[in-house]
Every structure is written in structure tokens, then in C-alpha cells.
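# Per-entry structural report
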Amino acid sequence: MYGGSRRMFQRLRAIFSRGRVAPLALESLGRQKVAAPAPARQPHKRDPADFVEGYLRGIHKVRKQRINFLRAVSGVCKARKAKGLTTLPFDKEAVGEEIKAIMEEDFFCAGPLSLQAMNTLGDISRFQPPLSKGLRTAIAGWALQLVVNGTPGGDSPPGQGACEAAEEGLRKMLQELLREDPSASHLVGLLERVAYWMQSGRVAVRARAVSLGSSLLCFASGLPSFQMPDDAALGHLLVQLAVSLADPEAGIRAQARETLGQLYRMLLCHQGRERTERGTCGFQMFREHLTPEQTQAFLEAAWDHVLRLGQEWVREGGLFLLYSLLGRAQELLEEEEEDDVKQNLSALLYQLWRGREVPPEVQALLPKTDE
């Protein structure tokens, strides 16, 4: 038995000595080599443009991905702008439609998602081609409803900081839209929408609207390709802005005078004239610069405000503008006491509403009746 074991040992020894099997070093015994761990798998980074395309095709269109969609669009815009490119690698109009749908999710006031949506819309507005007029108008109208009207809703109305952020976001978005299309008709359309809120029953809404209107006028005047409206739209717009001169709040009246002053300077510049006087302006300064077509549009718009069922100060403002353009404003201010002036205005408004004792110039504005 022992002899067999000795022969097996000698055979193994001979095999090792001929190099057929490498002997295991003693110092390596008990120290088995451990394989290095595989490198951690890096998360796959999606290309922002591909993500946007997927969202537009409905692949990623879920509620939790909306903020990622907006950020991806903005990221692509910044990258393209850095390269000096003027177009986007996806359908700009389709992106605009999605942004509008996202903003419409907010009903009472602009939330964080709407703020990001306004910023993203401003980003895509810097690229060609421009958004369609219908889409641009719909987005601007909804954004104004959310921010300027800002109807508090829900259990936690937005704080002052959130309101200011929303107003700034809206202002920047509208400015970028104006930069995209600096036409006179675009500015007039925006200002008419803003002017609608200038006659709100809430003071805060009127203040925001007047401030925004002044900001848009100031921005438009600095655009090199902007042109003042030459048609009747200017006369109609002028009434919508000037009626705030009768606002019961002194701060809003002051802001309205500044807005009219800005518009007056733009009008003089457009006509190749230079304004030498300083300070804010009243409405009377416009009279000699309106065309007959604009004057007629002004009279009709003022008369419409006189007959409007709504706040008394709006009707009084329309009446004063109407008589101012006719050169008869002094008739409304004959009384020294404010209460007497208001009483006379109320009586005159009633007479005009009934169609009695109407000045001949105003009579031409009244609807014709068959007698």
C-alpha cells in the first residue's frame, strides 16, 4: 500500500519537473485573486431634441414628463442659439401647441408649470419661422388671464413673490413675441387685450394691466423694425388706454398718463417730429396728430364707452374723451365742486343714453332709426 503511494508521488514529481504543470507557489496559497468589480453602469442620457420629438409623438406625453419636456425644449434652444442657428430641429408650431395645452392646465392663476411654459415659449420665439397668429393670440390671451387677472383659487393663493415672478415671466414672454413679430397690428392686438383688464372691478388687476401696457409700449419703441399703426386702430386703442385717466385710483391715473406719454412720443417719432416739452401728457395733445380716419374711430370708441353698462368711471372717462375730441370738454368742468361735476356728468350720461340733447357731432355716431 505504501509502495503504491510512493510511486504515485514520484510520478507527480516527475510531471512537475518536466514543466507540464506549473507548481503553485507557497506564498500564494490562501490568497485567491479576486476579479475587479465591473464599472458602474452610467445612466443613459437622452438627447433633448429626441426627447422633444418623442413627446410630440406621444411617447413621453404623461403629466409627470411635462416639466421635462419644457426644460428639454429650452435646452435645445440655448444650444442652438450658442451655435448661431436660427431654426429648431423640431416642429416649432407643434411645440407651441403643447405649451398652450400645458398652460391651460392652470385655471385660476399661473403656477410653476405655467411659469416654465412662458419661459420656454419665449425661448422658441427667437427662432424661425414665427408662430402662427392664431396660436400666438391664444397663448397671450390665456397668459394674461392667468397673470393679470390672477383670480385666487384653491386653498393656497399665490404669495406676493409668486405674483411678481408670474408678472415678470409674462412680461418677458410678450416681449419675445413682439420681437418675433414687431408689426403694428401685433402690438395693437396685445395692448387691446391688456386694456380689457384696465377696466376690471379689482384695483390690483387694473394696476397690473396699466403697468404691463406701459412696459410693452416702451419695449416696442426700442425695436428697430417697429412701426406705428397708421390705420383706424390707433384711434380705437387710444380710447382704451386713455379711459384710465378717469380711474378712481390716483396711482393708476398717474401710470395711465405715463403710458399715453410714451405713446405720444412714439407717434411724434413716427411722424418725424420731436417732442420738446417734458413730463407726462394728457389726451388733448393727440388731437392735432390723428388722421380723419383715426379721429372717427376714436369718436366711435369713446361713444361705445359712454353707452357701456359697467363701472361709472369708465362711462365718465368715455364721455370726457368724447367731448375733448369735439373741443367741448370745458362744458363738463364748469362746476367747481367735484360732487357737482359728477352730478352733471351723470345727468349728461343719462341724456346721451336716452338720445336726448345730443351734440350734432355725437348725433352722427348714433344708430339710425326708421321713423
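Basis of the calculations
Residues numbered from 1 in each chain as written. Predicted model: local features only at pLDDT ≥ 70, side-chain atom pairs only at ≥ 80, totals over all residues. Heavy atoms only, no water. Helix = DSSP H or I, 4+ residues; strand = E, 2+ residues; numbered from the N terminus. Buried < 20%, exposed > 50% of the residue type's maximum accessible area, 1.4 Å probe, protein only. Contact = heavy atoms within 4.5 Å. Areas by Shrake-Rupley, 256 points an atom, 1.4 Å probe, with all protein chains shown as cover. Expected span 1.5 Å × (residues − 1). Salt bridge = Lys/Arg side-chain N within 4 Å of Asp/Glu carboxyl O. Core = buried A, V, L, I, M, F, W, Y, C linked by side-chain atoms within 4.5 Å. Axes fitted to C-alpha atoms, helices over the stretch in contact; angles between N-to-C directions. Parallel < 35°, antiparallel > 145°, perpendicular 65-115°, else oblique. Left-handed = near helix turned anticlockwise from the far one by under 90°. Nonpolar A, V, L, I, M, F, W, Y, C, P; charged D, E, K, R; others polar. Phe/Tyr/Trp six-rings, centres within 6.5 Å; stacked < 30°, edge-to-face > 60°. pLDDT = per-residue confidence, 0-100.

## Notes on the overall build of the chain
- From N to C terminus, the chain includes 15 helices and 0 strands.
- In the chain, which comprises 371 residues, the share counted as buried stands at 43%.
- The long-range fraction of contacts in the chain, counting pairs at least 24 apart against all pairs at least 6 apart in sequence, stands at 70%.
- Carbon and sulfur atoms make up 52% of the accessible area of the chain, which totals about 21400 Å².

## Concerning the side chain of K100
- By the secondary structure assignment, K100 is in helix 4 (residues 92-103).
- Non-local contacts of K100, meaning those with residues more than four positions away in its chain, are made with L135, A138 and I139.

## What to know about helix 13 (residues 312-325)
- Over its 14 residues, helix 13 runs 20 Å from end to end, which matches the ideal 20 Å to within 8%, given 1.5 Å per residue.
- For helix 13, the buried fraction is high: 12 of the 14 residues fall into the buried class.
- All of the buried residues in helix 13 are W313, V314, R315, E316, G317, G318, L319, L321, L322, Y323, S324 and L325.
- Backbone geometry just downstream of helix 13 places G327 in the positive-phi region, at approximately 75°.

## What about the pattern of salt bridges?
- Scanning the model with the defined rule gives 10 salt bridges in all.
- With its nearest N and O atoms 2.6 Å apart, the salt bridge here joins D247 to R206. With D247 in the loop between helix 10 (233-242) and helix 11 (250-270) and R206 in helix 9 (residues 203-221), this pair connects stretches of sequence that are 41 residues apart. R206 carries the same exposure label as D247, and that label is buried.
- Three or more residues joined by partner-sharing salt bridges are found here, namely R126, E176 and R179.

## Here we look at the nonpolar core
- Residues F69, I124, L170, M173 and L174 are the most contacted members of the largest nonpolar core, which totals 91 residues.
- In this structure, L174 is in contact with A140, L144, L190, L212 and L216, ignoring residues within four places of it in sequence.

## Concerning the packing of helix 8 (residues 184-197) against helix 9
- Running from N to C, helix 8 and helix 9 point in directions that differ by 165°, and their axes come no closer than 8 Å. Between helix 8 and helix 9, the interaxial angle falls into the category roughly antiparallel. Here helix 8 and helix 9 pass one another in a crossing that is left-handed. Contacts from L187, L190, L191, V194 and W197 of helix 8 reach helix 9 at V205, R206, A209, L212, G213, L216, L217 and A220.
- Across the contact of helix 8 with helix 9, the residue classes break down as 11 nonpolar, 1 polar and 1 charged.

## With respect to the side chain of D181
- Relative to the helices and strands, D181 resides in the loop between helix 7 (160-180) and helix 8.
- Setting aside residues up to four positions removed in sequence, D181 forms contacts with R136 and H186.

## Comments concerning the packing of aromatic side chains
- Under the criterion given, the structure shown has 3 aromatic pairs.
- Considering the side-chain rings of Y196 and W197, the 5.0 Å spacing of their centres and the 85° angle between planes classify their relative orientation as edge-to-face.
- Among the residues examined, W197 registers a relative accessible area of 14% and is labelled buried.

## Let's talk about the packing of helix 2 (residues 48-56) against helix 3 (residues 66-82)
- Following both chains from N to C, one finds helix 2 and helix 3 inclined at 135°, their axes separated by 9 Å at the closest point. For the element pair helix 2 / helix 3, the angle class is oblique. You can see that helix 2 and helix 3 cross each other, and the crossing is left-handed. Between helix 2, through P48, A49, F51, V52, Y55 and L56, and helix 3, the contact on the second element is made entirely by R66, N68, F69, A72, V73 and V76.

## Remarks on unusual backbone geometry
- Cis peptide bonds are those with omega within 30 degrees of zero, and the linkage from Q128 to P129 qualifies with -5°.
- Within the secondary structure, P129 sits in the loop between helix 5 (112-124) and helix 6 (133-149).

## A word on the environment of V76
- One can find V76 in helix 3.
- Under the relative-accessibility criterion, V76 is labelled buried at 7%.
- Residues V76 and D123 lie 47 residues apart in sequence; the distance between their C-alpha atoms is 9.4 Å.
- If we ignore the near neighbours within four places in the chain, the residues touching V76 are P48, A49, L88, P89 and F90.

## Re the environment of K100
- Taking the relative accessible area as the measure of exposure, K100 reaches 18% and is therefore buried.
- Taking the C-alpha atoms as reference, K100 lies 9.3 Å from R136; in sequence the two are 36 residues apart.

## Re the confidence of the model for the chain
- Here the chain averages 80 in pLDDT, while 73% of its residues score no lower than 70.
- Highest mean pLDDT in the chain belongs to helix 3 (96); lowest belongs to helix 1 (residues 2-17) (59).
- Confidence drops under a pLDDT of 50 for residues 21-34, and excluding neighbours within four residues, the segment shows 5 contacts in the predicted structure.
- Counted against residues more than four places away or in other chains, residues 40-44, with its pLDDT under 50, gives 0 contacts.

## Things to note about the environment of A72
- Tracing the sequence through the fold places A72 in helix 3.
- Assessed through its relative accessible area of 11%, A72 is described here as buried.
- Note: C-alpha distance between A72 and A49 (23 residues apart in sequence) is 7.1 Å.
- Leave out the neighbours within four places in its chain, and A72 touches P48, F51 and V52.

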